Amino acid sequence: MTSDAATATSTPLAPAPPEATGPDQERPALGLGTSLPPADARAKTEGTFPYAADLWAEGLLWAALLRSPHPHARILSIDTTAAAGMPGVRAVVTHEDIPGDGAYGRRVVDRPVFASDLVRHHGEAIAAVAADHPDTARLAAAAIIVDYEVLEPVTDPEKAFAAEPLHPDGNLIRHIPLRYGDPDTVGEVIVEGLYRIGRQDPAPIGAEAGLAVPRPDGGVELYTASTDPHTDRDLAAACFGLDPERVKVVVTGVPGATGDREDPGFQIPLGLLALRTGCPVKLAATREESFLGHAHRHPTLLRYRHHADTDGRLVKVEAQILLDAGAYADASSESLAAAVAFACGPYVVPHAFIEGWAVRTNNPPSGHVRGEGALQVCAAYEGQMDKLAAKLGIDPVELRLRNAIATGDILPTGQTVTCPAPVAELLGSLRDFPLPVLPKDAPEDDWLLPGGLEGAGEPGAVRRGVGYALGMVHMLGAEGADEVSTATVRVHDGVATVICAAVETGQGFTTLARQIVQETLGVEEVHVAAVDTDQPPAGPATHGRHTWVSGGAIERAAKMVRTQLLQPLAHKFGMSTELLQIADGKITSYDGVLSTTVTEAMDGKELWATAQCRPHPTEPLDEAGQGDAFVGLAFCAIRAVVDVDIELGSVRVVEMAVAQDVGRVLNPAQLATRIEAGVTQGVGAALTENLRTARGIVRHPDFTGYALPTALDAPDIRIVKLVEERDVVAPFGAKAASAVPVVTSPAAVASAVRAATGRPVNRLPIRPQAAVAATPKV
């Protein structure tokens, strides 16, 4: 989610030199704009990097959870006698062992740590066990006897409105009616569509794991791969019945995160067991538990009606958006706000009427996954744009260019787009970029067929399609979220240390922190301290927050240290600090009179400063869906080229060409990696990734049943253009980088399949039957 890298045209194997537009054509030798490698790259490559699953402690016990086999059931009784009596078992805990109501939730406190009276989704936690061996813990959990009265699950979100309440808070989590313009306006041309988006899983390569260690003061320390340690601490402390000061969260190695690390549901049982036994307790989730426990992308049903004039200019957009939240609220309110606000896409729409709902069901829980809300509506509104182009006989690119939003335009929420919005420029660069060559019709090129080398396809049945999509996301929190981060920078003996509770989740933040200090202070050796809750809070690692908010706090602290360093020199030579500059470890004056190194100027002193960064406030959407809800926006255009076997319905993505609005390139190599990873995740959502359920039961919760794209599925990714038009309100001018290609890629792939087959393609992931051509093409 950081935008700290760049390249202009690249493949997964060989990035080419950047071709960015903007003021930063020449890259400095040190600091921002360079491809500084991650400090932990070697350890991760060699397999010596300590992840949460590698933790150990003297006297360690192992934990296991008992989870419900039913999506909806009443719990009549829980008998732990047999489990507690097994040799090696040290503790068994249920809802009765949790102080208070035993509920938690990052945004809405509605989710029990352990189900007490009702089970609301398949895999919900019922009890936890601590034992001296992991096999003993699992056997003991299986020995707990639960008497269920199985209830009929509510799995259709459309039926949730009339169903009996699944939760004391009711089935409706949020309803947003957006009203913008004249409802009686009608366009000369109208197209309609119904779209369905599946349940994408974050699919972390490293499953959830953690260690809880009791403290002498009666508190507990939690060592986990948390992405928001202070919130996790507060939630855990409330469930433990302890003051937050007696609970400490230490962030261990995070094996990547796109939202899946946000659920503290496995950390709280760990802490309870450690407090109960007085021993360290470790839990390493199985892949099945990981699928069942953490949140997924919201499955969504979308109904659209687009109105346009005969020239293809949009007149009105009407839409109904229904998000399946699963059993608990989690991030559904925020996801719905993004979906409703961006329902029209990065297009000028003078009249918009959108209805959005998020409802509870007995399906697996939904929550924050990169690009939540925005991905679902992007697939739908771009499907509508393709329909409109076909009905009008207008080139799809030209239609999009006629309606593209720009700086100064107004969103359907009434908010003016004040940030750079080079949407037309992005799309134009893709239109002019050469298409990939067609494969040769030769036996050695059979592997290029959809389905691969051993596929059953025939070259004569393969059709190539080209599709386009425009996407947008918001940066930072929305609707009045208080975005703030605190950082400390300390310099001593030529070494700088950054203390900030911003978690490195694979987005490159620690590398960015080093670059900021290098550029500001001219100190080459910069260390970033490990994160724990003894530090001031920095907030969650979502929506590009840490590039903006935590990076801004580090920059301010580093500038304060810079002033402390330069003031004595400026006073000695009778000049202001503004006339001195630091570059490549040297301090020089404008006139060349002063020239010294940073180390000499430090003269053995230790300098430090602490600073905060808080962006300008936003406001919640009102009862008509109006309000300045977002701090900033980022945009992306993608052109997808696919080959489709129109007889078998198999699809191969040949190339994804990307043009993106990045604000400023902070680390070229990291930015290329982030964009390529985002595109690949989007391709997965388009073609293969769907956590399937049958009446609320998750089917095949493993990597054999859940099809992630592999290296062989990843297409060539060409980064055609990076627009560096700085957002003046953002530190460094940079924008979030990885979410917007995730949002845009599925829509582009769907558009390309439409072009190849003539089919509407209104469901993601695209099923083979949807990719079979309506009529054979000559």
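As a reminder, the structure under discussion sits directly above these lines.
A few points on the structure. (Residues numbered from 1 in each chain as written. Predicted model: local features only at pLDDT ≥ 70, side-chain atom pairs only at ≥ 80, totals over all residues. Heavy atoms only, no water.)

Let's shift gears to the overall build of the protein. The secondary structure content of the protein amounts to 15 helices and 32 strands. Taking 2.2 N^0.38 as the reference for a compact globule, 778 residues should give roughly 28 Å; the C-alpha atoms of the protein span a radius of gyration of 27 Å, in line with that estimate. Counting the 778 residues in the protein, one finds 61% classified as buried. A separation threshold of at least 6 residues defines the contact pool for the protein, and within that pool the share at least 24 residues apart is 80%. Accessible area for the protein stands at about 29,100 Å²; split by element, carbon and sulfur atoms hold 53% of it. A gap of 2 Å separates the mean positions of the 65 positive and 97 negative side-chain charges of the protein. (Helix = DSSP H or I, 4+ residues; strand = E, 2+ residues; numbered from the N terminus. Rg over C-alpha atoms; globule rule 2.2 N^0.38 Å. Buried < 20%, exposed > 50% of the residue type's maximum accessible area, 1.4 Å probe, protein only. Contact = heavy atoms within 4.5 Å. Areas by Shrake-Rupley, 256 points an atom, 1.4 Å probe, with all protein chains shown as cover. Lys, Arg positive; Asp, Glu negative; His and termini not counted. Charge placed at Lys NZ, Arg CZ, Asp CG, Glu CD.)

All right, on to helix α3 (residues 134-143) then. Along α3, the positions that sit buried rather than exposed are Pro134, Thr136, Ala137, Ala140 and Ala141. Seen from one end, α3 has its buried residues packed into an arc of 160°, which puts them on one side. What points out from α3, more than 90 degrees from its buried face, is the exposed set Leu139 and Ala142. Structurally, α3 contributes buried residues whose contacts are with β2 (61-67), α2 (81-84), β4 (89-93) and β8 (125-131). (Arc of directions from axis to C-beta.)

Taken together, the side chains of Glu619, Asp622, Glu623 and Asp628 present a region of like negative charge at the surface. Tracing the sequence through the fold places glutamate 623 in the loop between β26 (606-613) and β27 (630-645). (Patch = residues over 30% accessible without salt bridge, like charges linked within 9 Å, V, L, I, M, F, W, Y side chains within 5 Å. Salt bridge = Lys/Arg side-chain N within 4 Å of Asp/Glu carboxyl O.)

Attention now moves to the pattern of salt bridges. When their charged atoms lie close together, side chains carrying opposite charge are able to pair. The full count for this structure, using the stated rule, is 39 salt bridges. Linking glutamate 334 and arginine 107 is a salt bridge whose minimum nitrogen-to-oxygen distance equals 3.4 Å. With a gap of 227 residues between them, glutamate 334 in helix α7 (residues 332-341) and arginine 107 in the loop between β5 (103-104) and β6 (111-112) connect regions that are remote in the sequence. Taking relative accessible area as the criterion, glutamate 334 reaches 34% and is therefore assigned partly exposed.

Taken by themselves, the reported measurements are silent on function.
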